[in-house]
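Okay, here's what each chain looks like letter by letter:
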Amino acid sequence: MKFKINWQRIKSDPLHILWITGYVMAGGFVLGLANTGLARIIGAATPHTTLIPVPHIVSGGMLIAEALERFSGHPIFHTWRVEHTFLVASIILGYIVALPIFLWALRERSRWRQDEHRKKFPVKIALGFGSSGPIVVFIAITAVTGPILSSAVLTSLKSAQTLQANIDALISDANLVALKAQSFYFVSTKEGGGGGRWKNIDREYVSEITLKDIEAESPITRIYGSSFPMKRSEFALEVYSEDSLAIWGTRNDRGSDANFANKNGQRGKIEIHVTVSPRNFHLSVDNN
Amino acid sequence: MIWILASSILVAMAFIATFLTTGNTWDAAIAGGIVSLVFVIGFLYRITRPPTSSTQRRWTIAISSIVIVGTILHWNIMYRMTQWQYDTLHLIRKIIFHGVAQGMLQPEGVNTLGEYAAQHGLQRKSLGDVFRETTKFDTGDSAVVVGKEWGHMSMFVSSLSDTEVVLVAQDSITIDGEDSHFKNFDGRYGMTQDRLRITKRGLEYEIQN
């Protein structure tokens, strides 16, 4: 079968699909210019001042911007801003105005093409496609590709950020355990401490500091966030001398080295270790 | 035309009213989106009625359904994703705060306790006196409360006596989902706060909020 473009037919039909594609592309260009121009004119050109109908992406972006502000320690004020005006305008433009215009243009196109006595260029219909087409096409494309792409991003974000947050939390917990070990060192044996040593302690039962002494024998479960799946921090301790010990911390997340042998007998989990002296400690990440 | 105008006004009203009530952009966008959805469904119902041919009706309904379902899904995923990031950033901020607070308070506690424990003989100084000598806090001559600001973190000596020293580190961000009614050392509410208590029985570190 031979593919042949009938140029004569295309030239004689200003509402041919190729021309409509052109109107839509031209409309998209004009809409982009108008969007940028409007935001510049009113002096509010930010990534969130857009008339492109993606209110869910803009709302999400504004929430992240707020989170970053709060992360920097700035107070958050929930006041109406120009971004909100653009947001509500984009919802109206995208979901209320563009769709009826596009469907009207489609219907009129069909009528115009059936008309035997057509003479003039169908300006209104071309304008209808040009103004509403980019928006409708954009909505349709994001409706199909958006869920797939954003779902993949969400999965990857969850995985990476959970891991990082759990490493940070493990480091924080290990610092706390090291603090308790140092505290134990300086407390007299009469008060339940080591009396200046971690080994050869002058007491009846175990002569070394244990995890029980520093309340770290059970995994630490701390709720840092209401919806965040924080893992438990498990610790192991090894006393080297009277004033030197090491603490290993493990969380049940897979680290970068899958074959890494963890101190607690597991394999491939994230692990850090802290070398502690009475007044200092050094922390290093073994598997992250 | 009248329907478009009326729906536009309704969308704007739903958005503005929700935003003014909750102060939440996402809630407002969802309210506006729901009104839009009702309009779109009503509009599609209207244009697919006879005399529209059944073929056209089927195509319109099929394509519209895909777009509507896809858009709703996309909204849902974006909502979950951004809320997740919002929570995570806040979580990381909290963990960093607790880490920095520990890093600041730990040397104070260990040095004070270490110097206190190293004393021999009968002329032993009190814990408070040892703290005054070793600390980087400017405690002056009395057991007054002294604040120090490091970035967005304030540190205070909240109690200073012969037998006990209590240090407090307080951040300037409010914690959602935890105790927003927690009264902080400086009188504000709901900020992250850690406390280190030094006694001769050792150091007690507490994440208070």
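Fair warning: this is a prediction, and the values are worked out from it, not measured in the lab.

Thresholds applied
Residues numbered from 1 in each chain as written. Chains lettered and ligands numbered in written order. Predicted model: local features only at pLDDT ≥ 70, side-chain atom pairs only at ≥ 80, totals over all residues. Helix = DSSP H or I, 4+ residues; strand = E, 2+ residues; numbered from the N terminus. Buried ≥ 20, exposed ≤ 12 C-beta atoms within 10 Å, placed from the backbone. Contact = placed C-beta atoms within 7 Å. Nonpolar A, V, L, I, M, F, W, Y, C, P; charged D, E, K, R; others polar. Axes fitted to C-alpha atoms, helices over the stretch in contact; angles between N-to-C directions. Parallel < 35°, antiparallel > 145°, perpendicular 65-115°, else oblique. Pairing = 2+ DSSP bridges. Domains from an automatic or database assignment. Expected span 1.5 Å × (residues − 1). Arc of directions from axis to C-beta.

### Re the overall build of chain B
Part 1 of the argument: The helix and strand tally for chain B stands at four helices and five strands.
Part 2 of the argument: The N-to-C order of helical and strand elements in chain B reads α-α-α-α-β-β-β-β-β.
Part 3 of the argument: Burial status across chain B gives 36% buried among its 209 residues.
Part 4 of the argument: For chain B, the share of sequence-separated contacts (at least 6 apart) that also reach a separation of at least 24 residues comes to 41%.

### Overview of the interface of chain A and chain B
Part 1 of the argument: With 63 residues of chain A at the interface, the matching set in chain B holds 61 residues.
Part 2 of the argument: Elements with a contribution of two residues or more to the side of chain A that touches chain B: helix H3 (55–71), helix H4 (82–114) and helix H5 (123–186) of chain A.
Part 3 of the argument: The element contributing the most residues to the side of chain A that touches chain B is H5 of chain A, with 26 residues.
Part 4 of the argument: Taken together, the residues of the side of chain A that touches chain B break down into 38 nonpolar, 20 polar and five charged.

### Considering the packing of H4 of chain A against helix H2 (residues 25–47) of chain B
Part 1 of the argument: Relative to each other, H4 of chain A and H2 of chain B sit at 10°, their axes nearing to 10 Å. Viewed along their axes, H4 of chain A and H2 of chain B adopt a mutual orientation that is roughly parallel. Between H4 of chain A, through His84, Leu87, Val88, Ile91, Tyr95, Ile96, Leu99, Pro100 and Leu103 of chain A, and H2 of chain B, the contact on the second element is made entirely by Thr25, Ala29, Gly32, Gly33, Ser36, Phe39, Val40, Phe43 and Ile47 of chain B.
Part 2 of the argument: In terms of residue class, the contact of H4 of chain A with H2 of chain B is built from 13 nonpolar, five polar and no charged.

### Looking at the pairing of strand E2 (residues 244–254) of chain A
Residues and elements named next belong to chain A.
Part 1 of the argument: As defined by bridge partners, strand E1 (residues 234–241) adjoins E2 across seven bridges and the pair is classed as antiparallel. Bridging from a neighbouring strand, leucine 237 pairs with isoleucine 247 of E2.
Part 2 of the argument: Here E1 folds back onto E2 in antiparallel fashion, the turn holding two residues.

### A look at the domain arrangement of chain A
Frequently, the measure chosen for interface size is the accessible area that the parts lose on association.
Part 1 of the argument: Partitioning chain A into structural domains gives domain 1 (7–159) and domain 2 (166–287).
Part 2 of the argument: For domain 1 of chain A versus domain 2 of chain A, the separation of C-alpha centres amounts to 55 Å.

### Some thoughts on helix H1 (residues 2–22) of chain B
Part 1 of the argument: With 21 residues, H1 of chain B should reach 30 Å at 1.5 Å per residue; the first-to-last C-alpha distance of 30 Å fits that figure.
Part 2 of the argument: Among all positions in H1 of chain B, only Ser7, Ser8, Val11, Ala14, Phe15, Thr18 and Phe19 of chain B are buried. Angular distribution of buried residues about the axis of H1 of chain B spans 130°; they occupy a single face of the element. Of the residues in H1 of chain B, the exposed ones pointing more than 90 degrees away from the buried face are Ile2, Leu5, Ala6, Ala17, Leu20 and Thr21 of chain B.
Part 3 of the argument: Residues of H1 of chain B that are buried make contact with H4 of chain A together with H2 of chain B.
Part 4 of the argument: Two residues or fewer past H1 of chain B, glycine 23 of chain B is found with a positive phi of approximately 75°.

### Section: the environment of glycine 187 of chain B
All names here are of chain B.
Part 1 of the argument: Structurally, glycine 187 can be placed in the loop between strand E3 (165–174) and strand E4 (191–199).
Part 2 of the argument: Take glycine 187: there are 6 C-beta atoms within 10 Å of it, and that puts it in the exposed class.
Part 3 of the argument: As for glycine 187 and glutamate 115, which are separated by 72 residues in sequence, their C-alpha atoms are 33 Å apart.

### Digging into the sheet that holds E2 of chain A
Residue and element names in this part refer to chain A.
Part 1 of the argument: As summarised here, the arrangement of the four strands in space is E1-E2-E3-E4, forming an open sheet in which the pairing is antiparallel. With partners counted over all chains shown, the strands left at the sheet margins are E1 and strand E4 (281–287), one partner each. With direction set aside, neighbouring strand axes in the sheet form an average angle of 20°.
Part 2 of the argument: Across eight bridges, the pairing between E2 and strand E3 (residues 269–276) is antiparallel.

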